[in-house]
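Okay, here's what each chain looks like letter by letter:
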Amino acid sequence: MIFLNLVLVTLQLLGLSNAVKFDFINDFLNFNHFYKNTFYEAVTQEETAVVQLNENWRFPSIKIFATGGTIASSGDSSTSNAGYSVNLTINDLVDNIPELSNLATVAFQQIYNVGSNEITSLHTLKLRNEILSSLKSGEYHGIVVTHGTDTLEETAFFLELTLDVKEPICLTGSMRPRTSISYDGLMNLYTSVLVASHESAVNRGVLVSLNDRIISGIYATKSNSNSLDTFKNDEQGTLGMFVDNQINWFISQPFKHRIAGLFAGSRRLLEIEHSFEMPEVLILFGYQSLNVELIELAVNHLNVKGIVLAGTGSGSWTDHGNMVLKRLSDTLGLPVIYSTRNANGIVPVGNLPNGKYKFQGAIAGGYLNPQKARILLQLCLIEGYSHERISEIFKLVYGGSRF
Ligand code: ASP
């Protein structure tokens, strides 16, 4: 109480409006309430009594699914940050973070142990179904997934689209192997359990948490191949920060993106079999003097069901390329998503091929990067959606078609 009075006096001195003061105090009380929950062993006798009286009190139970990646790798020396391999298990990591027991009761499962370059759609689907059944059991308040950082954004995006649950699901990894003097894995795992067990993370969908940031599973992308500070979502904004292990959400009200959970009801996704494969969707990269025969070769030799273009600028492609794509799309019914090779910015409908190059199957990818546009298109295809329906769905990310 004395502390709260001090906060009030400080806010008074700062000359803040009553509304701002109220928000601040409210946030403080909420945080303090959580703080007591999480670090209950550290609080005084009096505070413990307050916690016990709170009917909402719960000590969180978290499940970690470990899939491998650098976070579970070790190399030759403490200064080497390349050429290492996946050779540790989730037990090795958890055993070295006794502090986790202050946050939650932690269960863990080594679902795979591979570099994320080896992760396929079968892996991500199995992971999704395991998460779903763990949450359905009612035993867990949140989920953490450890993952290689190279394709982490694809798994996060897939989970965001195919799960509609209130419990936080937080993906993490590391940029340095366990043997490195700058290993970031233990802290990333710790903060991920922290956020996955936090009541303020409920109903925020899939989160990616590395290097002190909490980022939306829809927007997160690996921006740097080497540095610790790699997961970004430049235009769309980080959701929050860990500052001295306190969670600071930038937006206090939980929200989910309108495409989150869009395929959560898909029956096809539950039919997991070894033969299951996502429809073949190719990503073609745009550059000067691109040989457009590549497009024909790929489509003619692979069982291609759709194409995503990592085009230049805001989705531009050569006239010749557009002509080939139009012909292939018109004759084979292939949807073609126009995305961009650039890290930021969107491909709007207005930039789709026009005039004689215009075609029905051309769809703008909006703000989705090529690898995310590919997953969204694959999910649309397994549902058997028409071009019109696919276009409607891409409109939810400010893309879509002219038709
Ligand atoms: N090659 C690793 C992987 O994605 C990179 C990492 O985890 O940072 O599995």
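Attention in this report is confined to the structure presented alongside it. Values in this document were obtained by computation on a predicted structure and should not be read as measured data. (Residues numbered from 1 in each chain as written. Predicted model: local features only at pLDDT ≥ 70, side-chain atom pairs only at ≥ 80, totals over all residues. Heavy atoms only, no water.)

## Description of the site of the ligand
Then comes step 1: All residues in the neighbourhood of the ligand are listed as G69, T70, G115, S116, G148, T149, D150 and S174.
Then comes step 2: One nitrogen or oxygen atom from the side chain of S116 is found 2.5 Å from an oxygen atom belonging to the ligand.
Then comes step 3: In the environment of the ligand, an oxygen atom lies 3.0 Å from a nitrogen or oxygen atom belonging to the backbone of D150.
Then comes step 4: Tallied by class, residues from the shell around the ligand come to no nonpolar, seven polar and one charged. (Near = heavy atom within 4 Å. Polar contact = N/O pair within 3.5 Å; in protein donor to acceptor, adjacent residues only side chain to side chain. Nonpolar A, V, L, I, M, F, W, Y, C, P; charged D, E, K, R; others polar.)

## Some points on the sheet that holds strand β11 (residues 240-243)
Then comes step 1: If you trace the eight strands from one edge of the open sheet to the other, you get β4-β1-β5-β6-β7-β8-β11-β12, paired in mixed fashion. Each of the sheet's edge strands pairs with one partner strand only, and the pair in question is β4 (105-110) and β12 (246-249). Strand-to-strand twist of the sheet, defined as the mean angle between neighbouring strand axes without regard to direction, takes the value 25°.
Then comes step 2: In this structure, strand β1 (residues 61-66) lies alongside β4, joined through six bridges in parallel fashion. Of the residues in β4, the one forming a bridge with F65 is Q109. (Pairing = 2+ DSSP bridges. Helix = DSSP H or I, 4+ residues; strand = E, 2+ residues; numbered from the N terminus. Axes fitted to C-alpha atoms, helices over the stretch in contact; angles between N-to-C directions.)

## As for the sheet that holds strand β16 (residues 362-364)
Then comes step 1: Strand order across the open sheet formed by four strands is β13-β14-β15-β16, with parallel pairing between neighbours. Here the strands that pair on one side only, and so sit at the sheet edges, are β13 (280-285) and β16. Across this sheet, the average inter-strand angle for adjacent strands is 25°, counted without regard to direction.
Then comes step 2: Taken together, the three bridges between strand β15 (residues 336-340) and β16 define a ladder with parallel strand orientation. Bridging across to β16, I337 finds its partner in I363.
Then comes step 3: Across the sheet, helix α9 (residues 293-301) lies against β13 and β14 (304-311), angled at about 155° from β14, the strand it touches most.
Then comes step 4: In the packing of helix α11 (residues 370-382) onto the sheet, contacts are made with β13, β14 and β15, and the angle to β14 comes to roughly 160°. (Contact = heavy atoms within 4.5 Å.)

## A short note on the environment of N102
Then comes step 1: Here N102 shows up in helix α5 (residues 100-103).
Then comes step 2: N102 sits in the partly exposed class, given a relative accessible area of 24%.
Then comes step 3: Along the primary structure N102 and L194 are separated by 92 residues, whereas in three dimensions their C-alpha atoms are 9.5 Å apart. (Buried < 20%, exposed > 50% of the residue type's maximum accessible area, 1.4 Å probe, protein only.)

## Considering empty space enclosed by the protein
Then comes step 1: If you walk through the whole model with that rule in mind, you get five cavities of 30 Å³ or more.
Then comes step 2: The volume enclosed by the largest cavity comes to roughly 80 Å³. (1 Å grid on protein atoms, 1.4 Å probe; cavity = no way out; pocket = protein on both sides within 12 Å on 5 of 7 lines; lining within 4 Å. Points joined across faces, edges and corners; volume = space filled by probe spheres on them.)

## Notes on unusual backbone geometry
Then comes step 1: Even without a glycine there, the phi angle at N211 is positive, about 50°.
Then comes step 2: Take N211: it is sitting in the loop between β7 (206-210) and β8 (213-216).
Then comes step 3: Looking at N211, the relative accessible area reads 24%, which means it is partly exposed.
Then comes step 4: One non-glycine residue, D212, lies in the positive phi region at around 70°.
Then comes step 5: With respect to the helices and strands, the residue D212 is situated in the loop between β7 and β8.
Then comes step 6: Overall, D212 belongs to the partly exposed group, its relative accessible area being 37%.

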